[in-house]
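Structural description and commentary
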Amino acid sequence: MPPPPPSSRLLALLSARRPPPPLRRLLQIHAHLLAAGLLQDFSSLLAAAYALSTTATATDARTSPPSPLRHALALLSSLPASAYNAAIRALSLSDDGDRHGHGVVRRCLPLYRALLRSGTARPDHLTFPFLLKACARLREWGYGDAALAHVLRLGLDSDVFVVNAATHFLSIRGPMEDARRLFDRSPVRDLVSWNTLIGGYVRRGNPAEALELFWRMVAEDAVVRPDEVTMIAAVSGCGQMRDLELGRRLHGFVDSDGVSCTVRLMNALMDMYIKCGSLEMAKSVFERIEHRTVVSWTTMIVGFAKFGLMDDARKVFDEMPERDVFPWNALMTGYVQCKQCKEALSLFHEMQEASVVPDEITMVNLLTACSQLGALEMGMWVHRYIEKHRLVFSVALGTSLIDMYAKCGNIEKAIHIFKEIPEKNALTWTAMICGLANHGHANEAIEHFRTMIELGQKPDEITFIGVLSACCHAGLVKEGREFFSLMETKYHLERKMKHYSCMIDLLGRAGHLDEAEQLVNTMPMEPDAVVWGAIFFACRMQGNISLGEKAAMKLVEIDPSDSGIYVLLANMYAEANMRKKADKVRAMMRHLGVEKVPGCSCIELNGVVHEFIVKDKSHMDSHAIYDCLHEITLQIKHTADLLSISAAGAV
DNA sequence: TTAGGGTTAG
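The model shown is predicted, which means the values in this text are computed figures rather than measured ones. (Residues numbered from 1 in each chain as written. Chains lettered and ligands numbered in written order. Predicted model: local features only at pLDDT ≥ 70, side-chain atom pairs only at ≥ 80, totals over all residues. Heavy atoms only, no water.)

**Some points on the overall build of chain A**
- A count of helices and strands for chain A gives 37 helices and 2 strands.
- Per-residue burial for chain A yields a buried fraction of 45% across its 651 residues.
- Pairs at least 24 apart in sequence give 60% of the contacts found in chain A among residues at least 6 apart.
- Split by element, the accessible area of chain A, about 33,700 Å² in all, is 56% carbon and sulfur. (Helix = DSSP H or I, 4+ residues; strand = E, 2+ residues; numbered from the N terminus. Buried < 20%, exposed > 50% of the residue type's maximum accessible area, 1.4 Å probe, protein only. Contact = heavy atoms within 4.5 Å. Areas by Shrake-Rupley, 256 points an atom, 1.4 Å probe, with all protein chains shown as cover.)

Now the structure itself:
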């Protein structure tokens, strides 16, 4: 027998993602020994593992296990239930650095099977709380349901710990009605039972039910009183409801009811105040926290960012004594949401300099920034980074990638990713539909919409913006009318300004100006500049001067400083040979002192974003850029001439 | 033994 290898090598062997079958068995034993405190037998296991790892083939080891392994296997078969329970507990709570801890948690399941097979031990009231917790973490619904059946068979359904763990499992598995039924029918109920159910409703986005249950608990159950955990759930449910009045009431309840106001609860209160729109209250809670945690600081960053106060958010970030990846992501999200995308990218560079390991949320933020900037190269770099570092490929990440490629001009790549990704939700479909629509692939966009519906995905307001704009691009009036009506009648979605402007644009472009005007007159909100713009353009196209004038006047009314509309109105008159009116508008423009607002564009090159305004000469390569622009203009003119010659020839 | 606060996509 060779000497045992160093323990680090053994640990590496044991924690391999797919260890060979004999080693897998050893892993189970290892977990038992570790958790049951039987490490004095570990030396024989070390030797066995080493022997197995150096055995020529795994089959040899299975058919003729070396004696130390036989020894370890014998040890396993004589372990009591408590050793299994301790091991399942240790594994269900573990986090081995894998973001979801699944690598280690998953080992609970073979351990439970081994316990069932052991012959000497039976699962008991201490086994199921942790087993069900592991099943919930792993989203192992089938396994968890089987465990629940065992609970019933073993008559453990009157143990409050087991029932609470089962309620928790069901609240994660869904539907919530299953958890609720268990709670309602259970003869045993304690504080944790209430907290589990209230927390479950909050987690599943049903705060009204959570709060109702909370008040029922306060009123009905004389034995249990809400504690810190109850209040965290109630307060965060209130945040979801955006109900500041209720929030204040709950805060008052905390202060008056003797609930210990811990940092966690204060953090939850801050979060609630931010969601309910009271930054001041959040700040006041933050200032009263004696020992702030990273969560407290992060919540404050989120608060400032949500209110667009990015300088304050940055100040809080700089003042933090220590940071994990959350505050970095929170600040970056703020920059992205405030459309300060260059700052978001620069924060990422700072993050790298600080050696903070980014996660998939950082990547989602970066991709959103790239989408907004049209920064394809940076976006591609992010894509490579995700693949290289094997980040968790969440639905959100897939959706951001599709959106980034579509918005940065590479629709083929967006389609490719859409086809490849394993999980798609309504947002993923929407990103694809909008991408296709914006690239002029109207029929494909509509086809995707129909498939999405067939697959049972629920479209929302933004999905309809995608399909309506697809119809608009392709002039599909009949389909547009159908979707516009379906939105309300079948999907019960409120039609917003953007839907009306899409529909009005579609009708106007297709020559149905009367119908477009009628829609403008009957829409439930005051038409905005986009709506009147669509009407104006349609009028100009079709020479409807009177309605065009009305639309232009409305546009001037909405934004008198917008020079564009004066120019366009003058052009409309000129095109209709109404010179006098055209001159009058130009004179009016001069008289009012309206100046043209310079348009701004930006491009990304080698990961650097360059901004340009009209007649901009500030760029260091300005000369070369203008030379190139001149060359392109000449080429376009040349091509246009050739086309007109060939068109004339064809006639 | 069971419940629990902060960051993400269209």
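**Notes on the nonpolar core**
- Within the largest apolar cluster, 180 residues are counted, with the highest numbers of intra-cluster contacts made by Phe-128, Phe-214, Leu-250, Met-363, Ile-504 and Ile-535.
- Considering every element that reaches this core, the biggest residue donor is helix α17 (residues 263-275), with 8 residues. (Core = buried A, V, L, I, M, F, W, Y, C linked by side-chain atoms within 4.5 Å.)

**With respect to the protein's contact with DNA strand B**
- With respect to spatial proximity, 47 residues lie near DNA strand B, and among them Asn-164, Asn-195, Glu-228, Asn-267 and Asp-460 are the closest.
- Side-chain polar atom of Asn-164 to a base oxygen of DNA strand B: 2.6 Å apart, as the coordinates give it.
- Here a base nitrogen of DNA strand B and a side-chain polar atom of Asp-227 are 3.4 Å apart.
- Looking at the surface near DNA strand B, the element that brings in the most residues is helix α25 (residues 395-407), giving 6 residues.
- In terms of residue class, the surface near DNA strand B is built from 19 nonpolar, 18 polar and 10 charged. (Near = heavy atom within 4 Å. Polar contact = N/O pair within 3.5 Å; in protein donor to acceptor, adjacent residues only side chain to side chain. Nonpolar A, V, L, I, M, F, W, Y, C, P; charged D, E, K, R; others polar.)

**With respect to the packing of helix α8 (residues 108-117) against helix α9 (residues 127-138)**
- Relative to each other, α8 and α9 sit at 145 degrees, their axes nearing to 10 Å. Both α8 and α9 take part in a crossing whose hand is left-handed. Along its contact with α8, which presents Cys-108, Leu-109, Tyr-112 and Leu-115, the element α9 presents Thr-127, Phe-128, Leu-131, Ala-134, Cys-135 and Leu-138.
- Its residues assigned to classes, the contact of α8 with α9 shows 9 nonpolar, 1 polar and no charged. (Axes fitted to C-alpha atoms, helices over the stretch in contact; angles between N-to-C directions. Left-handed = near helix turned anticlockwise from the far one by under 90°.)

**Thoughts on the pattern of salt bridges**
- Counting across every chain of the model gives 19 salt bridges.
- Lys-315 is the salt-bridge partner of Glu-319, the closest N and O atoms lying 3.8 Å from each other. You can see Glu-319 and its partner Lys-315 sitting in helix α20 (residues 310-319), 4 residues apart, about one turn around the helix.
- Residue Glu-319 is classed as partly exposed on the basis of its relative accessible area of 46%.
- Salt bridges here are not isolated pairs; linked through shared partners, they connect Asp-145, Arg-173, Asp-178 and Arg-181. (Salt bridge = Lys/Arg side-chain N within 4 Å of Asp/Glu carboxyl O.)

**Quick look at the side chain of Asn-365**
- By the secondary structure assignment, Asn-365 is in helix α23 (residues 360-373).
- Take Asn-365: its relative accessible area is 8%, and that puts it in the buried class.
- Sequence-distant contacts of Asn-365, defined by excluding residues within four places in its chain, comprise Asn-329, Met-332, Thr-333 and Val-336.

**Quick notes on the environment of Arg-180**
- Within the fold, Arg-180 resides in helix α12 (residues 176-185).
- Residue class for Arg-180 comes out buried when judged on its relative accessible area of 16%.
- Remark: the alpha-carbon pair of Arg-180 and Tyr-201, spanning 21 residues in sequence, is separated by 9.6 Å.
- In contact with Arg-180, other than residues within four places in its own chain, are Leu-197, Tyr-201, Glu-209, Leu-213 and Arg-216.

**Some thoughts on the UniProt feature "repeat: PPR" (unreviewed entry) in chain A**
- Within this structure's numbering, the places UniProt gives as "repeat: PPR" (unreviewed entry) are residues 190-224, 293-327, 328-358 and 425-459.
- Taken end to end, residues 293-327 comprises 74% helix and 0% strand; its first and last C-alpha atoms sit 11 Å apart.
- The span residues 328-358 is 74% helical and 0% strand by assignment, and the distance between its end C-alpha atoms comes to 9 Å. (UniProt positions renumbered as here; feature names shortened; annotations may be inferred.)

**What about the packing of helix α14 (residues 207-220) against helix α16 (residues 244-256)?**
- One way to put it is that α14 packs onto α16 with a least axis distance of 14 Å and a crossing angle of 30 degrees. Pair α14 / α16 crosses with left-handed handedness. Contacts between α14 and α16 pair Leu-211, Phe-214, Trp-215 and Val-218 from the former with Leu-246, Arg-249, Leu-250 and Phe-253 from the latter.
- Partitioning the contact of α14 with α16 into residue classes produces 7 nonpolar, no polar and 1 charged.

**Observations regarding the packing of aromatic side chains**
- If you walk through the whole model with that rule in mind, you get 17 aromatic pairs.
- Between Trp-215 and Phe-253, the ring centres sit 6.3 Å apart and the planes meet at 90 degrees, which makes this aromatic pair edge-to-face. Here Phe-253 lies in helix α16 and Trp-215 lies in helix α14, a separation of 38 residues in the sequence.
- Judged by relative accessible area, Trp-215 falls into the partly exposed class, the value being 26%.
- On the numbers, 4.9 Å between centres and 80 degrees between planes, the contact of Phe-418 with Trp-429 is edge-to-face. Of the two residues, Phe-418 sits in helix α26 (residues 411-420) while Trp-429 sits in helix α27 (residues 426-438), which places them 11 residues apart along the sequence.
- Note on Phe-418: relative accessible area 5%, which makes it buried.
- By relative accessible area, which is 6% here, Trp-429 ends up buried.
- An aromatic cluster is defined as three or more aromatic residues linked by ring pairs; in this entry it consists of Phe-449, Phe-464, Phe-483 and Tyr-491.
- The ring centre of Phe-183 lies 4.1 Å from the NZ or CZ of Arg-189, which sits over that ring. (Phe/Tyr/Trp six-rings, centres within 6.5 Å; stacked < 30°, edge-to-face > 60°. Lys NZ or Arg CZ within 6 Å of the ring centre and 35° of its normal.)

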